[in-house]
Every structure is written in structure tokens, then in C-alpha cells.
Amino acid sequence: MALKDYQSEMETCCRCSACKFIPLEKVTGYEHANVCPSISRYDFHAYSGGGRMAFGLSLVHGRVKYTPKVAEVVYNCNLCGACDVSCKYAMDMDVLEPLYAVRQECVKQGQTLPALDKLVAKMKKQGPMVLGAKGRHKAWHEGLDVADYTKEKAPVVYHAGCLARCDESSGRAARTSVALLQKAGIKVGIAKDRELCCGGRAYEMGYLDEAKAQAELNVARFKESGAAEIITGCAHCYQYYKVLYPKLGFDTGLEVWHVTEYLAQLLAKGKLRPRKEVDLTVTYHDPCHLGRLSEPWVQWEGTQRERHMRVYDPPRTFRRGEGGVYDPPREVLRSIPGLKLVEMDRIKEYAWCCGAGGGVRESNPEFARWTAVERLNEAESTGADALVTSCPHCSQNLQGGRGDGGSLGVYDVVELLDRAI
């Protein structure tokens, strides 16, 4: 949908600032009441969900033109969805969808950021959407006895994601995931050096046509694989395959799983048995794309009968973030002997973003690092020895945030499970 199609959503925003904070009932104190990194960092209303809704309305009516300053405000947003779910705690309206639409208009008007242009150009050449990846590190799958689903049929596809191809830590997590699946008897196939980018990050950056073209390539390849399921350890890829593809009208023909969902089921069935003690106190960081953004897409067609009262015929289902993947990663952690899990103040649909999303890590690394440090400080306040997550983008950005001198370890869930097995 074009930006003008969200005019009613943007007009409905009452500028209450609920998009800036977690709901009052969830607040445990002043320090961790904020939910939006952008407004917290830049402290000016235009950088909030409601501010961007007003911005979008001004663009629709021609009161504001597409300029580099507009692009600066629009792209200094992680698109983490926290504003959207906080607003929907009491309202029936979309905040996040107009933000996607504003970026799409920026691309059409030529108001983009050089770093993001480079990322999308790499994707169009079928390279990983990772800046600075001039050459391949040791292949993440080297030494694994695993089928290549681009050459032979496989019942289950494992998608590693772009970072696994370029980042040693992310590649190690992908390798561990496949090894654990194989240990449980799952016949999994990978694309080895021919894996395609899912294209979802291009969509977030506003490059709609390029994202659709990449989705078409992936759907065609998946259908050729003969697989029935796809598993990924990347929260971004998971959300794109599960939510974005159906939203754009693409059907992979596969049941989509995050690796923590799959592992939790294997543990429950006794297919994997963690016996070694891992003497750690950890806190878990909910990735935005695995949490609030992964709630299934519900297509709605109908009529909005009353413009500002939000009356829909037939009734419309809103995605409020409650249906994200929250329990499986925690179930995996609780299965590990000796491991103690403590929670941060902001968790699940109201979790604070790691800072890597929306292209911010590439276009404004200082802002991305600031956001990561905020989360690391919150994690340290729990008394945990380590912060655990289940997304390579989160892991990478949070590890980068440790440059402030903090001693908190950062792990992927699969690393600790592997240690116990």
C-alpha cells in the first residue's frame, strides 16, 4: 500500500506519546520505562512513532517535501515495532506500516542513504547484505556432512542467513544449529555457497521492488528443493519468510521454523538430552524479529465504516506482538542443567531493541551501538553473567556494544545448548 493509503491511520494518532514508553502497567521504574530507541536517543518528537505519523501526513498533504533532512529522520529508526505494540495496548491502528510506506516513498523520490544503497546493490548481485564483506571467511558449513538442497532433494531446509557467510561468530552459530539438528536425526539440507539473501532487509529499507524480486528467486528455489520445512537461526530471515512473504503475496510452500522452536520440540521428545552442567546465570534478550514482529500476518479486506472511531466491517485482527516466539528459546535455556535464567525489566513484546535493525547499524553505527549499550546495561542490572539471544544480528551488535568496558558475555542459545550436550 502507498503512503496515502495510510492517511486514516496517521490522522487517528492523537499524539498521546504511548509509542515512546512501555504500557504503564508494565513499568517497573523510571530507568527502563522507554521503549523506542530513536526518541530516547534524539529526544525530539519527530523521531518517535507518533512524530513520524505526523511527518507522513505532512508528506501526503505536501506540507513537507522529500529532502535529505526527511531521510535523516526516517532512517534513524530501527523499525523494531515497539512503538506499534505499545500503541496497540489501547488502540486499534497501525503505526509500523506507515513507517514502511514512508521509506518506500523516500526510495521513489531518490532520498536514500548511501550505505543502504550499497547493501541493496550487493543483494541484487546475489551477495550477502553485509557491508565490508570483501571476501569469504572459512565457510561456516566446512566439514559438515550435509546435503546441498540446490543439487539434491532434502525434506528440511536450513537457511543460515547473510551474516553466517561473513561473520565468524554467526557462522559458528549456524554450524552448531545444523550439527544439533543432525544429532537429533533430522535430515537437513543447506545451500552451501549458493544461499540467497531472503530480501527482507531490502523491504525494511524501502526497496520494495528489489525485495519482491528476491522473494521470487527464493520461492522458486524452495519449490525445487522438495522440502516441506525450513529452519533458520536468523530472526530476521524467520520473520521475513513467516510474515513478510505472505504479506507480499508469496507462498514458500514450507512450514517456517526458528531453530529454537525446532530444538524445543526435539528436547521435549527426548531427541536431544543436555546432561552437562553449564554453571551460568543468564538473561535472555528477545530479538524484535523473533518476538513482536513475528506474529503471523493476518490479511484483512473490508470497509472502515467510521473514520476516526476505527470501526471495521468485517472486524479486523490487529497484530499486537503477543503471538511472537517467546517461550521456545526460554524452554531451551531451562533444559540446560546448572543454568539459571533471570529476566530483564523489558521483555517479550516490550523488549528493548538491540539497535541493529532497519539498516541503522550500517547507516548510523554510533546510534546502533548506543542502543546496544542501553540493553547491555539493563542486562547487567539483573546480576547475570551473560546475555543470551537467538539472532545473529542481535549477537553481533550486542557484542560490539561491549566496547564500553563491560564484562557481560554474549551468546546464542544454540551455543549453550551445544555446550550442555
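Residues numbered from 1 in each chain as written. Predicted model: local features only at pLDDT ≥ 70, side-chain atom pairs only at ≥ 80, totals over all residues. Heavy atoms only, no water.

A. Spatial organisation of the sheet that holds strand 4 (residues 229–232). Spatially, the 5 strands line up as an open sheet ordered 1-3-2-4-5, and their pairing is parallel. At either margin of the open sheet sits one strand with a lone partner, and together these are strand 1 (147–148) and strand 5 (255–258). Pairing analysis gives 2 bridges linking strand 2 (residues 156–159) to strand 3 (residues 188–190), with the strands arranged parallel. Residue pairing across strands places Val157 opposite Gly189, the latter belonging to strand 3. Set on the sheet, helix 8 (residues 168–183) makes contact with strand 2, strand 3 and strand 4; between it and strand 2 the angle comes to about 160 degrees. Helix-sheet contacts for helix 12 (residues 259–268) involve strand 2, strand 4 and strand 5, and the interaxial angle to strand 5 is about 85 degrees. (Pairing = 2+ DSSP bridges. Helix = DSSP H or I, 4+ residues; strand = E, 2+ residues; numbered from the N terminus. Contact = heavy atoms within 4.5 Å. Axes fitted to C-alpha atoms, helices over the stretch in contact; angles between N-to-C directions.)

B. Representation of the sheet that holds strand 9 (residues 340–342) within the structure. Taking strand neighbours across the sheet as the criterion, the 4 strands line up as 9-6-10-11 in an open arrangement whose pairing is parallel. Looking at which strands have only one partner, the edges of the open sheet turn out to be strand 9 and strand 11 (409–412). On average, adjacent strands in this sheet sit at an angle of 35 degrees to one another, irrespective of strand direction. Here strand 6 (residues 281–284) pairs with strand 9 via 3 bridges, running parallel. Residue pairing in the sheet places Thr281 in a bridge with Lys340 of strand 9. Against the sheet, helix 15 (residues 365–380) touches strand 6, strand 10 (386–389) and strand 11, its axis set at about 120 degrees to strand 10.

C. Here's a closer look at the pairing of strand 2. Because side chains alternate across strand 2, one face comprises the buried residues Val156 and Tyr158, and the other comprises Val157 and His159, equally buried. Where strand 2 and strand 4 come together, 4 bridges link them in parallel fashion. Considered in strand 4, the bridge of Val156 is made with Glu229. (Buried < 20%, exposed > 50% of the residue type's maximum accessible area, 1.4 Å probe, protein only.)

D. Summary view of the packing of aromatic side chains. According to the stated counting rule, one finds 13 aromatic pairs in the structure shown. Ring geometry for Tyr100 against Tyr203: centres 5.2 Å apart, planes inclined by 55 degrees, an arrangement best described as tilted. Here Tyr100 is found in helix 6 (residues 96–108), whereas its partner Tyr203 is found in helix 9 (residues 200–204), with 103 residues between them in sequence. Accessibility classification places Tyr100 together with Tyr203 in one group, the buried group. Residues Trp140 and Tyr158 carry aromatic rings whose centres are separated by 6.2 Å and whose planes lie at 55 degrees to one another, so their mutual orientation is tilted. Here Trp140 is found in the loop between helix 7 (114–124) and strand 1, whereas its partner Tyr158 is found in strand 2, with 18 residues between them in sequence. (Phe/Tyr/Trp six-rings, centres within 6.5 Å; stacked < 30°, edge-to-face > 60°.)

E. Molecular detail of helix 15. The terminal C-alpha atoms of helix 15 lie 22 Å apart, and with 16 residues this matches the ideal 22 Å at 1.5 Å per residue to within 8%. Looking only at helix 15, the buried set comprises Phe367, Ala368, Thr371, Ala372, Val373, Arg375, Leu376, Glu378 and Ala379. (Expected span 1.5 Å × (residues − 1).)

F. Quick look at the environment of Ala379. Within the secondary structure, Ala379 is located in helix 15. We classify Ala379 as buried; its relative accessible area is 0%. For the pair Ala379 and Gly199, spaced 180 residues apart in sequence, the C-alpha separation works out to 31 Å.

G. Region of the structure containing the pairing of strand 10. The two faces of strand 10 match: Ala386 and Val388 on one face and Leu387 and Thr389 on the other face are all buried. As paired strands, strand 6 and strand 10 are joined by 3 bridges and run parallel to one another. Counted as the bridge partner of Thr283 is Leu387 from strand 10. Pairing analysis gives 4 bridges linking strand 10 to strand 11, with the strands arranged parallel. When the bridges of strand 11 are listed, Ala386 appears paired with Gly409.

H. Representation of the packing of helix 3 (residues 49–60) against helix 4 (residues 68–75). At their nearest, the axes of helix 3 and helix 4 sit 11 Å apart, and the two run at 145 degrees to each other. Note that helix 3 runs across helix 4; the crossing there is left-handed. Side by side, helix 3 and helix 4 meet where Arg52, Phe55 and Leu59 of the first sit next to Val70, Val73 and Val74 of the second. Grouping the constituent residues of the contact of helix 3 with helix 4 by class yields 5 nonpolar, no polar and 1 charged. (Left-handed = near helix turned anticlockwise from the far one by under 90°. Nonpolar A, V, L, I, M, F, W, Y, C, P; charged D, E, K, R; others polar.)

I. Geometry of the pattern of salt bridges. Using the criterion set out here, one finds 17 salt bridges in the structure. With its nearest N and O atoms 3.8 Å apart, the salt bridge here joins Asp5 to Lys4. For Asp5, a relative accessible area of 40% gives the class partly exposed. You can call Lys4 exposed: its relative accessible area is 56%. For Glu9, the salt bridge identified is with Arg316, shortest N-O distance 3.5 Å. Taken as a pair, Glu9 in helix 1 (residues 7–12) and Arg316 in the loop between strand 8 (311–313) and helix 13 (327–334) lie far apart in primary sequence, 307 residues in all. Exposure remark for Glu9: the relative accessible area of 6% places this residue in the buried category. The network of salt bridges with shared partners includes Glu9, Asp84, Lys88, Asp94 and Arg316. (Salt bridge = Lys/Arg side-chain N within 4 Å of Asp/Glu carboxyl O.)

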